[in-house]
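# Structural description and commentary
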Amino acid sequence: MDQPESMPILSDRVLVNGGVSPLTLTADGILRWTERSQRSLKVEKEVLGFSAEGPKIRIRAIVEGGGGIFCIGSAGNLVRKDFVFQPLSEDSLLLWCQRLREYIDSLGRPKHLFVLLNPFGGKKSASKIFVDHVKTLFEDADIQITLQETQYRLHAKEVANSLDLSKYDGIVCVSGDGILVEVVNGLLGREDWDAAIKMPIGVIPAGTGNGMAKSLLDSVGAPCAAPNAVLAIIRGHKCSVDVATIVQGEAKFFSVLMLAWGLVADIDIESEKYRCLGSARLDFYALQRILHLRQYNGRISFVPVPGFETYGEPTNFHGKSTGEQNSHIPSEEEPAKAQQHGYQGPYIDLEDLDWRTINGPFVSVWLHNVPWGGEDTMAAPDAKFSDGYLDLILIRDCPQLPLLSLMTELKSGNHVKSPYVMYLKVKAFILEPGPQTQDPTKEGIIDSDGEVLARGKGTYKCDQKTLMAYDKLQITVDQGLATLFSPIED
């Protein structure tokens with residue numbers, strides 16, 4: 001049964017390409033007119049902005065292919081297109097401008113954004129992507145931007161930690177996943193972290209991994225491309241995303257993507273020595289690591305989500321509950337240097353939870369917060385942005401040929417169906433990494449969101465300083481703590 005048409009906000013006759021046509025703006029945001037045939041635009045999804053040019057109104061839109069209703073889930077390319085209407089009187093022109101502005105303003109779109117651009121990441125294409133897509137589309141949408149290029153590692157974290165957030169409606173990262181992770185860590189390190197982390201963050205794919213951008217856009221069937229990501233930010237829709245707190249002693253790291261130890265971490269980090277091969281370095285080094293497969297001794301402990309309680313063996317929690325400092329009120333006598341600022345992690349009484357444990361050796365331990373680890377790697381097909389859980393992908397032992405076959409299934413997510421893979425969801429996690437089984441004098445690498453948290457003895461660049469030691473670490477999840485600009489389904 002056909003849906004009844006929405007009531008018009010405004011309807012009047014205008015000139016379109018030399019002919020007179022009725023133009024209507026409906027209450028549900030559809031612009032309709034006749035130009036040889038019935039035409040329409042969805043204001044929320046297709047209209048970027050508009051301007052009055054003398055007696056005419058120019059609508060700046062982004063549509064699929066040659067026009068018509070834009071479907072973000074289609075395989076078509078996005079095209080910038082202008083539509084020009086001329087009201088038949090000055091009063092009509094003013095009224096159209098007023099009604100269009102009121103409707104667009106009612107959508108809650110951002111008006112001023114702080115843009116962080118990493119000119120060095122990936123293929124060093126971020127600057128070109130910014131000029132070709134980001135800057136022009138934001139201008140078309142009447143969004144003011146303040147641009148900051150990052151100059152060195154952790155620069156974005158420093159900026160986010162000190163930025164006057166009251167001036168902006170969001171922070172946009174034109175990069176791979178690294179700048180996003182730095183921004184989240186910077187916001188959570190502030191004294192006003194609880195307000196700061198509510199600042200929406202936009203992600204535009206311009207790096208090597210682009211796991212978060214891929215996860216967001218793929219959730220609505222859209223391609224992982226800069227115009228689609230920019231359009232999602234312009235529209236102003238938001239979603240919550242879990243933040244994992246990784247703790248070792250006083251050291252903390254806040255993760256929004258993943259943690260890896262074993263095969264995946266070794267490929268991700270050690271393949272840097274083959275950067276001359278470009279993106280092919282990952283496939284090349286993955287083959288090397290499978291042919292010369294390592295296994296690591298160690299132990300993992302976890303709190304399974306209901307439905308996954310059969311994995312592992314029961315164990316007791318040996319550690320301390322997290323986030324206790326957040327509820328601490330310092331006394332006047334307490335030295336200022338002893339007062340900790342910033343987010344300390346969620347408060348969870350870990351001792352009262354039902355813990356399970358699995359002993360090594362392990363080929364790979366991989367925790368994921370979102371489905372995609374990169375544009376071609378659907379690491380955790382069942383992962384959700386804000387369920388309060390981490391997806392654990394675990395390989396304890398696997399012959400080389402099945403492992404090679406398994407790795408080729410990463411693009412589709414079918415690797416989790418392998419009998420050699422354990423795939424489950426956890427609420428909390430403890431990693432106790434050990435040495436390689438073949439050579440106990442050599443240890444491994446722990447990688448989170450592209451950041452090397454720890455390098456064990458005998459590993460690639462093991463002389464470099466890291467945030468944590470190659471030792472026991474603990475992970476808890478704060479459900480929906482951060483906010484991202486997100487695309488919407490058509």
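This structure is a prediction, so every number in the text was calculated from the model and none was measured.

### A word on the overall build of the protein chain
- In terms of helices and strands, the protein chain carries 11 helices and 23 strands.
- For 490 residues, the compact-globule estimate of 2.2 N^0.38 gives 23 Å, and the protein chain sits close to it at 26 Å.
- Each of the three principal axes of the protein chain carries a C-alpha extent, and together these read 85 × 65 × 50 Å.
- When contacts within the protein chain are restricted to residue pairs at least 6 apart in sequence, those whose partners lie at least 24 apart make up 72%.
- Charge separation in the protein chain, taken as the distance between the mean sites of 49 positive and 63 negative side-chain charges, equals 5 Å.

### Some points on the sheet that holds strand 2 (residues 19-26)
- Strands sit in the order 4-3-2-1-7-6-5 across an open sheet of 7 strands; the sheet is antiparallel. Looking at the sheet topology across the chains shown, the edges are occupied by strand 4 (38-42) and strand 5 (47-53). Strand-to-strand twist across the sheet, computed as the mean angle between neighbouring axes with direction ignored, equals 30 degrees.
- The sheet strands contacting helix 2 (residues 90-106) are strand 1 (8-16), strand 2, strand 3 (30-34), strand 5, strand 6 (56-64) and strand 7 (78-87), and the helix crosses strand 1 at an angle near 130 degrees.

### Some details on the pattern of salt bridges
- A full pass over the atoms with the stated rule returns 19 salt bridges.
- Close ionic contact of D376 with K411 constitutes a salt bridge, the shortest N to O distance being 3.9 Å. Placement of the pair is D376 in the loop between strand 18 (364-368) and strand 19 (390-395) and K411 in the loop between helix 11 (400-407) and strand 20 (421-436), with a sequence separation of 35 residues.
- Between D391 and K425 there is a salt bridge; the shortest N-O distance is 2.7 Å. A residue pair is termed long-range when its members are at least 10 positions apart, and D391 in strand 19 and K425 in strand 20 qualify at 34 residues.

### Remarks on the nonpolar core
- In this structure, V183, M212, I300 and L403 are the most contacted members of the largest nonpolar core, which totals 92 residues.
- Not counting the four nearest positions on each side in its chain, L403 is found in contact with L263, I290, L293, V363, I395 and C398.
- The next biggest cluster of nonpolar side chains, apart from the first, holds 28 residues, and it includes L117, L137, F138 and A141.

### Section: the environment of A229
- Within the secondary structure layout, A229 lies in helix 8 (residues 226-235).
- Taking relative accessible area as the criterion, A229 reaches 3% and is therefore assigned buried.
- Along the sequence, A229 and L293 sit 64 residues apart, while their C-alpha atoms lie 38 Å from each other.

### Re the environment of P314
- With respect to the helices and strands, P314 occurs in strand 16 (residues 313-315).
- With 13 residues separating them in the primary sequence, P314 and S301 have C-alpha atoms 9.3 Å apart.
- In contact with P314, other than residues within four places in its own chain, are W355 and R356.

### Points about the packing of helix 3 (residues 126-140) against helix 8
- It is the contact of helix 3 with helix 8, at a shortest axis distance of 10 Å, that shows an interaxial angle of 25 degrees. Taken as axis vectors, helix 3 and helix 8 run roughly parallel relative to one another. Helix 3 and helix 8 meet at a crossing whose hand is right-handed. On helix 8, the residues touching I129, H133, V134, L137 and F138 of helix 3 are A226, P227, V230, I233 and I234.
- For the contact of helix 3 with helix 8, the per-class residue count stands at 9 nonpolar, 1 polar and no charged.

### A short note on helix 7 (residues 211-218)
- With 7 of its 8 residues buried, helix 7 lies for the most part within the structure.
- The secondary structure elements touched by the buried residues of helix 7 are helix 5 (177-188), strand 11 (201-205), helix 8, strand 12 (238-248) and strand 23 (473-485).

### Points about the confidence of the model for the protein chain
- Overall, the prediction assigns the protein chain a mean pLDDT of 90, with 91% of residues at 70 or greater.
- Confidence drops under a pLDDT of 50 for residues 67-76, and excluding neighbours within four residues, the segment shows 31 contacts in the predicted structure.
- Between residues 324-339, whose pLDDT stays under 50, and residues either more than four places distant or in other chains, the model counts 14 contacts.

### Brief notes about the packing of aromatic side chains
- Taken as a whole, this structure holds 9 aromatic pairs when the rule is applied.
- Relative to Y311, the ring of F308 has its centre 6.3 Å away and its plane inclined at 35 degrees; by these criteria the two rings are tilted.
- For F308, a relative accessible area of 22% puts it in the partly exposed group.
- Lying over the aromatic face of W372, K214 brings its terminal NZ or CZ to 4.5 Å of the ring centre.

### As for the pairing of strand 12
- With respect to burial, strand 12 is a largely interior element, 9 of its 11 residues being buried.
- Of the strand pairs in this sheet, strand 12 and strand 23 are connected by 9 bridges, and their pairing is antiparallel. By the bridge assignment, I246 is partnered in strand 23 with I475.
- Inspection of the sheet shows strand 12 paired to strand 13 (residues 251-255) by 5 bridges, in the antiparallel sense. Bridging across to strand 13, I246 finds its partner in F253.
- Connecting the antiparallel pair strand 12 and strand 13 is a turn made up of 2 residues, with G249 showing a positive phi of about 65 degrees.

### Observations regarding the packing of helix 9 (residues 263-270) against helix 10 (residues 280-291)
- Orientation of helix 9 relative to helix 10, taken along the N-to-C sense of each, is 135 degrees, at an axis distance of 9 Å. One element, helix 9, and the other, helix 10, form an angle in the oblique class. For the pair helix 9 and helix 10, the crossing hand works out as right-handed. Contact with helix 9, carried on its side by L263, D266, I267, D268 and E270, involves L282, Y285, A286 and R289 of helix 10 and no other residues of that element.
- Tallied by class, residues from the contact of helix 9 with helix 10 come to 5 nonpolar, no polar and 4 charged.

Analysis parameters
- Residues numbered from 1 in each chain as written.
- Predicted model: local features only at pLDDT ≥ 70, side-chain atom pairs only at ≥ 80, totals over all residues.
- Heavy atoms only, no water.
- Helix = DSSP H or I, 4+ residues; strand = E, 2+ residues; numbered from the N terminus.
- Rg over C-alpha atoms; globule rule 2.2 N^0.38 Å.
- Contact = heavy atoms within 4.5 Å.
- Lys, Arg positive; Asp, Glu negative; His and termini not counted.
- Charge placed at Lys NZ, Arg CZ, Asp CG, Glu CD.
- Pairing = 2+ DSSP bridges.
- Axes fitted to C-alpha atoms, helices over the stretch in contact; angles between N-to-C directions.
- Salt bridge = Lys/Arg side-chain N within 4 Å of Asp/Glu carboxyl O.
- Core = buried A, V, L, I, M, F, W, Y, C linked by side-chain atoms within 4.5 Å.
- Buried < 20%, exposed > 50% of the residue type's maximum accessible area, 1.4 Å probe, protein only.
- Parallel < 35°, antiparallel > 145°, perpendicular 65-115°, else oblique.
- Left-handed = near helix turned anticlockwise from the far one by under 90°.
- Nonpolar A, V, L, I, M, F, W, Y, C, P; charged D, E, K, R; others polar.
- pLDDT = per-residue confidence, 0-100.
- Phe/Tyr/Trp six-rings, centres within 6.5 Å; stacked < 30°, edge-to-face > 60°.
- Lys NZ or Arg CZ within 6 Å of the ring centre and 35° of its normal.

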